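Observations on chain architecture
Read off the chains here:
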Amino acid sequence: MSKLPPVEKLPLVLRKNIRDEWDSKKADLEKQLSDVLTVPWTVDVNPNQLYAYAADGYAKESLGSCIASYVTGAIYRLREYADHAGEQGLKELNTICHAHVLTIDLDDAKRFSYCGADIHEGKLRILFAPGHLGTNIDDALNREVLLKALNEAPAPSSGDAVTLSFAARSDIRKEWESKAEEIRAQIAQILDKPDIKINPNFEDTFAKLQEESKSGKGDIRSDWETVLGNFTRLYWEGLANQLKYQKFHEDDLLREGFHEAVETGEITFRIVDKLKYYSYCECEIEGGVLYIQCTPKTWGVNIDDAAQGLVDRL
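A brief report on the enclosed structure follows. Since the model is a prediction, treat every value here as computed from it, not as a measurement. (Residues numbered from 1 in each chain as written. Predicted model: local features only at pLDDT ≥ 70, side-chain atom pairs only at ≥ 80, totals over all residues. Heavy atoms only, no water.)

1. Some remarks on the nonpolar core
By size, the foremost hydrophobic cluster in this structure holds 50 residues, and its most contacted members are W22, L78, L102, L124 and L150. Looking at this core, the elements that each hand over two or more residues are α1 (12–37), α2 (47–51), α4 (63–96), β2 (101–106), β3 (115–120), β4 (123–128) and α5 (143–152). Per-element accounting of this core gives the leading share, 14 residues, to α4. Apart from residues no more than four positions distant in its own chain, L78 is found in contact with L33, V36, L37, L93, L124, L141 and L146. Counting 43 residues, the second largest nonpolar core, distinct from the first, contains A188, F248, C281 and C283. (Core = buried A, V, L, I, M, F, W, Y, C linked by side-chain atoms within 4.5 Å. Buried < 20%, exposed > 50% of the residue type's maximum accessible area, 1.4 Å probe, protein only. Helix = DSSP H or I, 4+ residues; strand = E, 2+ residues; numbered from the N terminus. Contact = heavy atoms within 4.5 Å.)

Rendered as structure tokens:
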């Protein structure tokens, strides 16, 4: 359905409803929205434009109330998001939705059955399907829809570097950043090397998994973006467990061999095209760096076994 022109003049009874139920409440709702999102936001809707799409029922008879219900529902859902995502998640949302504007528009691409959302030109848009203005209002910004909209929006620019998606950044923040130092310290203690360095290599991993997912081969799990931080953490926890299992914490000769081979004191995760020793994951030493590695197809499979052949590599 193509966009319709705004209706030039609305019926008197509808103009009254818009005045009493939307215009009089707009400033307060904008304040509530801004308070939830911690920075000033505005609501930009054109009742005359929306009325062009109103079918019989709520939107046709009480458009002002309908608009206010959309905004109220959005505030509720965004509060849910804020409670779950925290300060950093709000910062992400405000960066992606850089215009800090909430609006309501037609889903002319027919992506949703009743309602949904996207981010267009930095604006957070509540979308309604043709013929369904005012239907399932509270679901327009439900968690699944909002996260998908944020993930599909253009990410903040980072020069020439690979830009991680919103889903990947969120999982890294949740599953890796708060736990990385604890894992590094555990590995350092096992190896008796306080300054051991661990490199999760997220940008390279993301780029290679994204390339594989776009190849259309269907050999990679569909939720790879949402578990990038979690799975990477599990690879490092698997390494720590393997070091213990192979008695590195008890055998100074093993530790000496490790330090001689891994002379840089760095351990890095990477995705490779082909494995040398095992079917799913393995470790390799190159240039004084210990690599924990797998292929795009085997990413996330048998994670705990990645360092099983470490002694043979020393």
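2. Thoughts on the pattern of salt bridges
Under the definition given, this model contains 23 salt bridges. Measuring nitrogen to oxygen at the nearest pair gives 3.1 Å for the salt bridge that ties R184 to E181. Here E181 and R184 lie together in helix α7 (residues 180–191), a separation of three residues that amounts to about one turn. Residues joined by salt bridges that share partners form a network here, namely K3, D105, D107, R111, D118 and R125. (Salt bridge = Lys/Arg side-chain N within 4 Å of Asp/Glu carboxyl O.)

3. Some details on the sheet that holds strand β5 (residues 197–199)
With mixed pairing, the four strands of this open sheet are ordered in space as β5-β6-β8-β7. Every interior strand has two partners, whereas the edge strands, β5 and β7 (281–286), have only one. Put simply, the sheet's adjacent strands are angled 20° from each other on average, direction ignored. One ladder, built from six bridges, connects β7 with strand β8 (residues 289–294); its direction is antiparallel. Bridging across to β8, E286 finds its partner in V289. Across the sheet, helix α9 (residues 228–245) touches β5, β6 (266–271), β7 and β8, and the angle it forms with β6 is around 130°. (Pairing = 2+ DSSP bridges. Axes fitted to C-alpha atoms, helices over the stretch in contact; angles between N-to-C directions.)

4. Some points on unusual backbone geometry
With a phi close to 55°, K110 is a non-glycine residue in the positive phi region. Locating K110 in the fold gives a position in the loop between β2 and β3. Take K110: its relative accessible area is 58%, and that puts it in the exposed class. Despite not being glycine, K247 shows a phi value in the positive range, around 70°. By the secondary structure assignment, K247 is in the loop between α9 and α10 (252–261).

Remember, this is a structural readout, not a statement about activity or role.
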